[in-house]
Amino acid sequence: MGYLNERLGIRFPIFQGGMANIATGEFAAAISNAGGLGIIAAGGMTPEVLLENIRRCRSLTQKPFGVNIMLMHPAVEEQAEIAAREQVPVITTGAGNPGKYLPRWKEAGCLVFPVVPSVALARRMEAAGADGVIAEGTESGGHVGELTTMALVPQVVDAVKVPVIAAGGIADGRQLMAAFALGAAGAQVGTCLLVSEECPIHTAYKEAVVKAGDTDTIVTGRIAGVPVRILKNKMAREYVKREKAGAEKLELEQYTLGSLRKAVFDGDVQNGSLMAGQVAGMCREIRPARVILEELWEGYLRAKEGVYP
Ligand code: TUI
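Quick caveat, the model's predicted, so the values are computed rather than measured.

Rules used throughout
- Residues numbered from 1 in each chain as written.
- Predicted model: local features only at pLDDT ≥ 70, side-chain atom pairs only at ≥ 80, totals over all residues.
- Heavy atoms only, no water.
- Pairing = 2+ DSSP bridges.
- Helix = DSSP H or I, 4+ residues; strand = E, 2+ residues; numbered from the N terminus.
- Axes fitted to C-alpha atoms, helices over the stretch in contact; angles between N-to-C directions.
- Contact = heavy atoms within 4.5 Å.
- Buried < 20%, exposed > 50% of the residue type's maximum accessible area, 1.4 Å probe, protein only.
- Right-handed = clockwise from strand over helix to strand, strands pointing away.
- Near = heavy atom within 4 Å.
- Polar contact = N/O pair within 3.5 Å; in protein donor to acceptor, adjacent residues only side chain to side chain.
- Nonpolar A, V, L, I, M, F, W, Y, C, P; charged D, E, K, R; others polar.
- Salt bridge = Lys/Arg side-chain N within 4 Å of Asp/Glu carboxyl O.
- Core = buried A, V, L, I, M, F, W, Y, C linked by side-chain atoms within 4.5 Å.

**With respect to the sheet that holds strand β8 (residues 164-167)**
Here's step 1: Strand order in the open sheet formed by eight strands is β1-β9-β8-β6-β5-β4-β3-β2, with parallel pairing between adjacent strands. In this open sheet, the two strands that pair with only one neighbour each are β1 (14-16) and β2 (38-41). Put simply, the sheet's adjacent strands are angled 25° from each other on average, direction ignored.
Here's step 2: Examined bridge by bridge, strand β4 (residues 90-94) and strand β5 (residues 111-116) share four bridges and lie parallel to one another. Residue threonine 92 lies in a different strand from β5, and its bridge partner there is phenylalanine 113.
Here's step 3: Packing of helix α4 (residues 76-85) onto the sheet brings it into contact with β3 (65-70) and β4, and relative to β3 it is tilted by some 165°.

**Here's the deal with the pairing of β5**
Here's step 1: Across the six residues of β5, six count as buried, placing the element largely inside the fold.
Here's step 2: Taking every second residue as pointing to the same face, both faces of β5 are buried, with Leu111, Phe113 and Val115 on one and Val112, Pro114 and Val116 on the other.
Here's step 3: The parallel pair β4 and β5, bridged by helix α5 (residues 102-107), forms a crossover whose chirality is right-handed.
Here's step 4: Here β5 runs beside strand β6 (residues 133-136); their pairing, made up of two bridges, is parallel.

**Structural notes on the environment of valine 116**
Here's step 1: Relative to the helices and strands, valine 116 is located in strand β5.
Here's step 2: Residue classification places valine 116 among the buried positions, given a relative accessible area of 0%.
Here's step 3: Taking the C-alpha atoms as reference points, valine 116 and glycine 145, separated by 29 residues in sequence, lie 8.6 Å from one another.

**Some points on the site of the ligand**
Here's step 1: Lining the immediate surroundings of the ligand are 15 residues, of which Ala95, Gly96, Val115, Glu136 and His143 lie closest.
Here's step 2: A distance of 2.9 Å is found between a nitrogen atom of the ligand and a backbone nitrogen or oxygen belonging to alanine 95.
Here's step 3: At 2.9 Å from a nitrogen atom of the ligand is found a main-chain nitrogen or oxygen belonging to histidine 143.
Here's step 4: Across the shell around the ligand, the residue classes break down as nine nonpolar, five polar and one charged.

**Focus: the side chain of threonine 138**
Here's step 1: Along the chain, threonine 138 falls in the loop between β6 and β7 (142-143).
Here's step 2: Note on threonine 138: relative accessible area 10%, which makes it buried.
Here's step 3: Looking at threonine 138, its side chain comes within polar contact range of the main-chain oxygen of glycine 145, at 2.8 Å.
Here's step 4: When sequence neighbours within four positions are dropped, the list of residues in contact with threonine 138 reads Val144, Gly145, Glu146, Leu147, Thr148, Arg222 and Arg229.

**Observations concerning the pattern of salt bridges**
Here's step 1: Summed over all chains, the structure comprises 16 salt bridges.
Here's step 2: Among the salt bridges present, the one from glutamate 294 reaches arginine 11, with a minimum N-O distance of 3.1 Å. Of this pair, glutamate 294 sits in helix α14 (residues 289-304) while arginine 11 sits in the loop between α1 (3-8) and β1, placing them 283 residues apart in sequence.
Here's step 3: Because the salt bridges share partners, they merge into one network encompassing Glu81, Arg85, Arg104 and Glu107.

**Concerning the nonpolar core**
Here's step 1: One finds Ile40, Ile69, Trp105, Leu194 and Tyr205 to be the most contacted residues of the largest nonpolar core, which totals 82 residues.
Here's step 2: For this core, the element with the most residues is α14, which contributes six residues.
Here's step 3: In this structure, tryptophan 105 is in contact with Ile69, Ala80, Ala83, Ala84, Ile91, Thr93, Pro98, Cys110 and Val112, ignoring residues within four places of it in sequence.
Here's step 4: Residues Leu37, Ile39, Phe113 and Ile134 belong to the second largest nonpolar core, which totals 13 residues.

**Focus: the pairing of strand β11 (residues 228-231)**
Here's step 1: The alternating pattern of β11 places Val228 and Ile230 and Arg229 and Leu231 on opposite faces, both of which are buried.
Here's step 2: Relative to β11, strand β10 (residues 217-220) runs antiparallel, the two being bridged by four bridges. If you follow valine 219 over to β11, its bridge partner there is arginine 229.

Just geometry here; none of it tells us what the structure is for.
Next comes the structure, spelled out in structure tokens:
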């Protein structure tokens, strides 16, 4: 048993990524029951809905689970307080610096793992009392930083003493092995779980991930300061065209407003924002979450013995 498994009471040292508007209490429970750490994404939920999802998750699993707080959310203060009051076992954060919430979460007994895109934020989070950090490379889907997982993870590992979880570009056993080789204590995965049977996104979104190739993602919003990796489609091409033509940030925001929900709930694969990482090209089948996680782990064990793939 590794350090993270023991500390958290999970079978595999694998976190499920936040995934706003996607990761419900039911989905998080399915991932926890499959041996990973399921995580409810507060992004896209009102505080009341977050509370319902935490209760639903608890009713569906005896295993530990987490809540991801997306720090750009307008109701972030209330969500942060709900996570503390409910004493959720693990809190992860994304898209900002959660420093002001850390004392409250620690007082409530939660284990806190902020996503960090840089060494500087990793150091600050360790000093503020984080239990570990998630070093997420730009290969990830959704809101991304600049550095790749390969460059970021070892630099964060060298800079902090707390455990580092690698994220971005991990979908099979070879990549998990590589994450451990870089000094990570575990991995966080999102894209490979988008194609799980339990994932509540529209089938058309899942099929678009299954069909995607290696070069089929693009980062929109770099100029507006909100870089988001999505599958290439009509919406992505139009966004990038407007961005290059010097469109106002407000116009771009209005254009993307609600586009993630269009993809997730309506299955609109042309006008929706289909967030996915660069490993979409390796996610070829829709399978139960348990099978995906077990294969990831067994692939790692084989890779460790020098058997590829
Ligand atoms: O947060 C994510 N991925 C996400 S959030 C999301 S919802 C959304 N939708 C549209 C626009 C924006 C968000 C979809 N995917 N990953 C974790 C992550 N955190 N990536 C990058 C960061 C990050 C960036 C800057 C974390 C901290 C940070 O710090 C800035 C500071 O204040 O120091």
